[in-house]
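Chain residues, written in single-letter form:
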Amino acid sequence: MSTDRYPFREIEAKWQGIWEATKQFRVHEDPSRPKFYCLEMFPYPSGRIHMGHVRVYAIGDLLARYKWMRGYNVLHPMGWDAFGLPAENAAIEHGVHPVIWTYENIDYMRTQLMKMGISYDWDREVTTCDPAYYKWEQLIFIKMLERGLAYRKRSTVNWCPSCQTVLANEQVEDGRCWRCDSEVAPREIDGWFFKITSYADELLAWCDRLPGWPERVLTMQRNWIGKSEGAEFDLPVAGHPGLSIRVFTTRPDTVFGMTYAVLAPEHPLVDQVVTDPVERAAVARFRAEVARQSEIERTAADRPKRGLRLSARVLNPFNEAAVPLFLADYVVMGYGTGAIMAVPGEDERDWEFAEQHGLPIIETVKRPDGWTGKAYTGDGVKVNSGFLDGLTVAEAKRRATDWLVSRGLGAAKVNYRLRDWGISRQRYWGAPIPVLYCDACGMVPEAAQNLPVTLPRDVQLSGKGGSPLANVASFVNAICPRCGGPARRETDTMDTFVESSWYFLRYCSPGYDSGMFERGAADYWMPVDQYIGGIEHAVLHLLYARFYTKVLRDLGLTKIDEPFMALLSQGMVIKDGAKMSKSKGNVVSDDFVREKYGADAGRLFELFAAPPEKDLEWNDQGIEGASRFLNRVWRFVVGHLTELGGGETPPPSAPPDRVRAATLPTTEAGRAFRRAIHETIRRVTDDIEREFHFNTAIAAIMELVNALQAFAAAAGDGTGAGAAPERAALLREAVETTLLLLGPFCPHVTEELWSLLGHTESLFKQRWPVADPGALQKTEVTVVVQVDGKVRGRLLVDVDTADDQMRQLALGDDRVKPWVGQRHIEKVVVVPNRLVNIVTRA
RNA sequence: GGGGGCGUGGCGAAAUUGGCAACCGCAGAGGACUUAAAAUCCUCUGUCCGCAAGGACUUGCAGGUUCGACUCCUGCCGCCCCUACCA
């Protein structure tokens, strides 16, 4: 453990103070400059920032500072996703009001972020629990209501019988309530929904137009939307005139292979189809069994399919064949029509069920030769299918659908897995849903001029008994904005994912008080050019935000179609085999690391240890290494200040991207060193721009520092680094380049050293260095000589030596000759400037 | 069951995308400085054979394509993530 560290505490405080005092990272719209909107997913103010959080901010800051140096007008804001259940839990457990708890956390975490030295424009801070923020979300809610994009319906939700409350999907872990561990049960309840399904097609289509997104996130979104094309039609129930069952299928071509049909156990038509009391009792038993079973084992890989054969039969509209009707647990009410035609010949699930229940199986697609499998889902020629015989599957799908349409029996149908977004939460700490219920007028939206509907401060929070707002008489009892009579307020609050669906727009004009955001500001800044956040939001937040942006566009508020042009999904920070989190008790606190090693070292380690998309194992020794490296840079610069011309009499500083004839090295060692400098510029720039491979960028800088030390040590001993002025110029070029390249990774220490060199203007107002092509040019290269693929020698040759000459040099090489010996030379492969491979035969 | 990803030294990782496998760092060994320690600096460190020069082997396993494969193809094995009877 080191005892001799550079004074990072003083330096970090000093530069944070200067950046703040000079408002260096405050930005305004400036049409004359290209903009860059760099955004990290804002945090929930849960208490303290730990090293698991630091990673995303370090990445964001690095990109923001890099883009500053590339000449962009960079918007880099921060705020708080401040509504959420933990605040309510804290209130229940410790008696602290959610407002107090939340704002105290925000104050602490803001200080932590400031001490990390992240380049935020703090004038744009946004806090979502502020009525001035959620007011606009309420206004949009009303507009969505007017357009049918927000609606109320009864549906099945997760209900915790012990807490007496609805739980969001994310609050259910393995079928159990995250708070009290009791088993969650489905329950029918009224709630509010956003009609995200109206945008399913557009959300899907744009997945192909987001090249800056990781493919796996796009895949997850596509799967979540789950578009499938097929047909819908009715199966008349035999003996029940007028009664028919609607089914959806993606394989209308297989309809002649239907040997039975299935209803989901909870299908509403079951009660009409089944009239006999004895059979009804059997249905009730079956339903209970299914309900119980689904709670016990949802993840069992190959659980048997349970089914109950009903006495009713349904008719295949294509051939009038009557087939048995079943209730079965493998058909769910939540998808399609909750009923299917079963074609065991071409569907694996149907095959399995048919085998278990002794049902006939008809093949309607000719199997490939040698087919030994069961259900066949591939392409082929139709057989046993009446008028479809001889067609391919695709043709038959079309013909079957046309047949249904022409007879008015069905229609082509597109189905989505995506469900409408349920936004009702029976909680206190969220944005109130701005509607009222009036005895005379029914459901009425709050009038715009009465917004915001603010959360009452006085509330009893017990975690039991439904929405806490329902017990606040002063909130519930209100006046109908339409008739002036008495009305009751809606007591559900909105899902907190609504706030995070537009905060990036609010940052464009955070204080704007005539609307959600100022049009001009949003037109200038949006969309976000680089978004950075965890993979856990691959579907939820990122899909909601895309949807909400499109709604705002269709309301005429913005012109953008998509909020985030590029997305970087960073991996988790792991300690002791698990994601760093408060509940697991494996956090390394940001305060501790900053006190012991400094903010720069903490950031450097997290950027260096792994590429950003991979998980990162926290390692105490790793941060020692990062700290050691920064100390090395510090000692070198401070130790060579006189030679580097730092201090009170700065030399005229030349931008490193400009070649000065006077500094061009005259010795081979000098040229090699200068090549190393410019090679590093090229590599670091490439690594940041191309793949976000910050770990290799840092490795390149470390190599340059190693070369720098070697050059400085060797130069004095007469090995040919050139005369003193030349050596000093090269050292200065190398040091300045190192500081410029390292700046976005470790802003404080580099800024301090930059000023020690005599610069009076911030490092982050400098231009990012550009590699000098002249310096990169090599005159000689080492070429590998292989004999039959094995390296046997090396040649030092002039760059671009002719193939013929390379061949001769290789064959004539003394190290190579013995390996060729008397063997016959079949051919010689020459890769210019790389290698020669001599291929021989005995 | 479906979809995606991964597999390289003791560890985190790298490899200009088909051309010298292991850059950079961590850990370890030896040495210098020191009364001593810490810090710092230098040397070594994929495995095996060899005093050495040098050689053989090595990117989960088995094949294939190629002058040449960590990289491309096929089949296995193992791990991780997502999703779950989606009709």
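Residues numbered from 1 in each chain as written. Chains lettered and ligands numbered in written order. Predicted model: local features only at pLDDT ≥ 70, side-chain atom pairs only at ≥ 80, totals over all residues.

*Asks:* Would you mind going over the overall build of chain A with me for this structure?
*Replies:* If you tally the helices and strands in chain A, you get 26 helices and 32 strands. For the C-alpha atoms alone, the extent of chain A along its principal axes is close to 105 × 85 × 50 Å. Counting all 842 residues of chain A, 42% fall into the buried class. (Helix = DSSP H or I, 4+ residues; strand = E, 2+ residues; numbered from the N terminus. Buried ≥ 20, exposed ≤ 12 C-beta atoms within 10 Å, placed from the backbone.)

*Asks:* Explain the pairing of strand β5 (residues 150-160) to me, please; I cannot follow it from the model alone.
*Replies:* Two faces make up the sheet, and in a regular strand the side chains alternate between them. Two strands pair when backbone bridges link them, and β5 and strand β9 (residues 185-194) are joined in this way by 10 bridges, in the antiparallel orientation. Bridge assignment links Ala 150 to a residue of β9, and that residue is Phe 194. Of the strand pairs in this sheet, β5 and strand β6 (residues 165-167) are connected by 3 bridges, and their pairing is antiparallel. Counted as the bridge partner of Asn 158 is Leu 167 from β6. (Pairing = 2+ DSSP bridges.)

*Asks:* Explanation requested: the protein's contact with RNA strand B in the structure shown.
*Replies:* As a matter of local geometry, RNA strand B sits amid 58 residues, with Thr 249, Tyr 335, Gly 336, Gln 621 and Gly 625 nearest to it. Secondary-structure elements contributing two or more residues to the surface near RNA strand B are α7 (215-225), β10 (228-236), β11 (244-249), α18 (620-639), α21 (694-715), β29 (780-787), β31 (824-831) and β32 (835-841). Partitioning the surface near RNA strand B into residue classes produces 20 nonpolar, 22 polar and 16 charged. (Near = placed C-beta within 6 Å. Nonpolar A, V, L, I, M, F, W, Y, C, P; charged D, E, K, R; others polar.)

*Asks:* Looking at this model, I keep getting lost on the sheet that holds strand β27 (residues 578-579). Mind explaining?
*Replies:* Whenever strands of a sheet pair, they do so through backbone hydrogen bonds, lying parallel or antiparallel. Sheet architecture is open: 3 strands sit in the order β27-β26-β28, paired in mixed fashion. Each end of this open sheet is capped by a strand with a single partner; those strands are β27 and β28 (616-617). Where strand β26 (residues 573-575) and β28 come together, 2 bridges link them in parallel fashion. Paired with Val 573 across the strands is Leu 616, a residue of β28.

*Asks:* It is not clear to me how the sheet that holds strand β22 (residues 486-489) should be interpreted in this structure. Could you clarify?
*Replies:* In space, the 4 strands of this open sheet follow the order β20-β19-β22-β21, with antiparallel pairing throughout. At either margin of the open sheet sits one strand with a lone partner, and together these are β20 (442-445) and β21 (477-479). Between one strand and the next, the sheet's axes are offset by a mean angle of 45 degrees, whatever the strand orientation. As defined by bridge partners, strand β19 (residues 435-438) adjoins β20 across 4 bridges and the pair is classed as antiparallel. (Axes fitted to C-alpha atoms, helices over the stretch in contact; angles between N-to-C directions.)

*Asks:* Please explain the domain arrangement of chain A as it appears in this structure.
*Replies:* Bring the parts together and some accessible area is lost; that lost area is often taken as the interface size. As far as domains go, chain A holds domain 1 (35-125 + 508-597), domain 2 (140-195 + 420-494), domain 3 (228-415), domain 4 (641-776) and domain 5 (780-841). The centre of domain 1, based on its C-alpha atoms, is set 34 Å off from the matching centre of domain 4. Taken residue by residue, the interface counts 8 residues in domain 1 and 12 residues in domain 4. Among the elements that take part in the side of domain 1 that touches domain 4, helix α2 (residues 51-69) stands out by supplying 5 residues, more than any other. Across the side of domain 1 that touches domain 4, the residue classes break down as 5 nonpolar, 1 polar and 2 charged. (Domains from an automatic or database assignment. Contact = placed C-beta atoms within 7 Å.)

*Asks:* Mind showing me how you'd approach the nonpolar core here?
*Replies:* A general tendency of soluble globular proteins is for nonpolar side chains to be buried together. Counting residues in each nonpolar core, the largest one holds 159 residues, and the members touching the most others are Leu 604 and Leu 630. Sorting elements by how many residues they give to this core places α2 first, with 12 residues. For Leu 604, the residues in contact, after removing those within four places along its chain, are Ala 626, Leu 630, Ile 698, Phe 745 and Cys 746. Judged by nonpolar contacts, the second largest core, of 41 residues, contains Met 258, Leu 263, Phe 326 and Met 341. (Core = buried A, V, L, I, M, F, W, Y, C linked by C-beta atoms within 7 Å.)

*Asks:* What exactly am I supposed to notice about the environment of Val 332 here?
*Replies:* As for its position among the elements, Val 332 is in the loop between β14 (322-328) and β15 (339-342). Spatially, the C-alpha atom of Val 332 lies 8.2 Å from that of Leu 263, the residues being 69 residues apart in sequence.

*Asks:* Teacher, can you tell me more about the packing of helix α17 (residues 599-608) against α18 here?
*Replies:* To characterise two packed helices, one gives the angle between the axes of the helices and the distance between these axes. Interaxial distance between α17 and α18 falls to 8 Å at its minimum, and their mutual angle equals 120 degrees. For the pair α17 and α18, the sense of crossing is right-handed. Side by side, α17 and α18 meet where Asp 600, Ala 601, Gly 602, Leu 604, Phe 605 and Phe 608 of the first sit next to Gly 622, Ile 623, Ala 626, Ser 627 and Leu 630 of the second. Looking at the contact of α17 with α18, its residues break down into 7 nonpolar, 3 polar and 1 charged. (Left-handed = near helix turned anticlockwise from the far one by under 90°.)

*Asks:* It is not clear to me how the pairing of β10 should be interpreted in this structure. Could you clarify?
*Replies:* Alignment of β10 against strand β16 (residues 410-415), held across 6 bridges, turns out to be antiparallel. The partner of Phe 233 across the bridge, within β16, is Gly 410.

*Asks:* Explanation requested: the packing of α2 against α17 in the structure shown.
*Replies:* Following both chains from N to C, one finds α2 and α17 inclined at 85 degrees, their axes separated by 9 Å at the closest point. With respect to α17, the axis of α2 lies roughly perpendicular. Residues Met 51, Val 54, Arg 55, Ala 58 and Leu 62 of α2 form the contact with α17, whose own contacting residues are Gly 602, Arg 603, Glu 606 and Leu 607. Grouping the constituent residues of the contact of α2 with α17 by class yields 5 nonpolar, 1 polar and 3 charged. (Parallel < 35°, antiparallel > 145°, perpendicular 65-115°, else oblique.)

*Asks:* Could you clarify how one ought to interpret helix α16 (residues 590-597) in this entry?
*Replies:* Within an α-helix, residues lying three or four positions from one another point in the same direction, as the helix has 3.6 residues per turn. Among the residues of α16, Asp 590, Val 593, Arg 594 and Tyr 597 are the ones counted as buried. Taken down its axis, α16 places every buried residue within 100 degrees of arc, on the same side. Its buried side turned inward, α16 meets α2, α4 (98-116), α17 and α18. Just past α16, the residue Gly 598 takes up positive phi, approximately 95 degrees. (Arc of directions from axis to C-beta.)

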